[in-house]
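Coordinate analysis (summary)
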Amino acid sequence: MMRYIRYLFLAVIGICLIVVALANRAPVTLRVMPEELASIFQLSGSITLPLFLVIFMGIVVGLLIGFVWEWMREFKYRHDLSKKGKELHRLERENKVLKAKSGEGTDDVLALIE
């Protein structure tokens, strides 16, 4: 049931994106700098794209920035978790060694009880 709800939700989002794209097909010119600054620095970079591409690229760039920001923010938690995992593995190995040593020289009946 949840799979169908997910597919319905994705279909609604897809239809909304198509409607936005069809409503914003007019071309817009993106410039690197304002014309006054471009004339001073001799840079005249510009590109003409449909408006919906500019909107969608803005959304994608925003998501990428958010993902990178969150990944960097969670670095300390991943690092601490890695350290704890290594310490846990070391303690488990040490525990096995100590259990093996404690079992040496004891009676078989006592070893079975433990």
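You'll find the structure just up there.
Per chain, residue numbering runs from 1 following the sequence as it is written. For a predicted model such as this one, the threshold for reporting local features is a pLDDT of at least 70, and the threshold for listing and counting side-chain atom pairs is 80 or more; totals across whole chains, interfaces and linings nevertheless cover every residue. As a rule here, side-chain values come from all non-hydrogen atoms in the structure, and water together with hydrogens is ignored.

Only runs of H or I of at least four residues qualify as helices and only runs of E of at least two qualify as strands under DSSP, and these elements are numbered from the N terminus. Broken down by element type, the chain carries five helices and two strands. Reading the chain from its N terminus to its C terminus gives the helix and strand order α-β-α-β-α-α-α. Each residue is placed in one exposure class: buried if its accessible area under a 1.4 Å probe, protein chains only, is under 20% of its type's maximum, exposed if it is over 50%, and partly exposed if it falls in between. Here the chain holds 114 residues, and the buried ones make up 3% of them. Whether two residues are in contact is decided by their heavy atoms: any pair within 4.5 Å suffices. Here the contacts in the chain between residues at least 6 apart in sequence split such that 41% fall between residues at least 24 apart. Accessible surface for the chain amounts to roughly 10,500 Å². Of this, 69% is attributable to carbon and sulfur atoms. Areas reported as accessible are Shrake-Rupley estimates using a 1.4 Å probe. Residue values count occlusion only from the protein chains shown.

On the surface, Val-20, Ile-55, Ile-59, Val-60, Leu-63, Leu-64 and Phe-67 cluster together into a nonpolar patch covering about 620 Å² of accessible area. Examining the composition of the nonpolar patch, we find that six residues originate from one element, helix H3 (residues 51-73), more than from any other. Topologically, Leu-63 is positioned in helix H3. Take Leu-63: its relative accessible area is 47%, and that puts it in the partly exposed class. Each patch groups residues whose relative accessible area exceeds 30% and which form no salt bridge, using 9 Å between like charges and 5 Å between nonpolar side chains of Val, Leu, Ile, Met, Phe, Trp and Tyr. Think of a salt bridge as a Lys or Arg side-chain nitrogen and an Asp or Glu carboxyl oxygen that are within 4 Å of each other.

In this section: the packing of H3 against helix H4 (residues 75-102). For any two helices packed against each other, the geometry is given by the interaxial angle and the distance between the axes. Running from N to C, H3 and H4 point in directions that differ by 40°, and their axes come no closer than 4 Å. Classified by the angle between their axes, H3 and H4 sit oblique to one another. Packed against H3, whose contacting residues are Trp-71, Met-72 and Arg-73, the element H4 presents Phe-75, Lys-76, Tyr-77 and Arg-78 at the interface. Residue composition of the contact of H3 with H4, by class: four nonpolar, no polar and three charged. A fitted line through C-alpha atoms serves as each axis, taken over the contacting stretch for helices, and the angle formed by two N-to-C directions is quoted from 0 to 180°. An angle counts as roughly parallel when it lies under 35 degrees, as roughly antiparallel when it exceeds 145, as roughly perpendicular when it falls between 65 and 115, and as oblique in every other case. Side-chain classes are defined by residue name, with Ala, Val, Leu, Ile, Met, Phe, Trp, Tyr, Cys and Pro counting as nonpolar, Asp, Glu, Lys and Arg as charged, and the others, Gly among them, as polar.

This part covers the pattern of salt bridges. According to the stated counting rule, one finds four salt bridges in the structure shown. The partner of Arg-31 in a salt bridge is Glu-35, with the nearest N and O atoms 3.5 Å apart. For Arg-31, a relative accessible area of 48% gives the class partly exposed.

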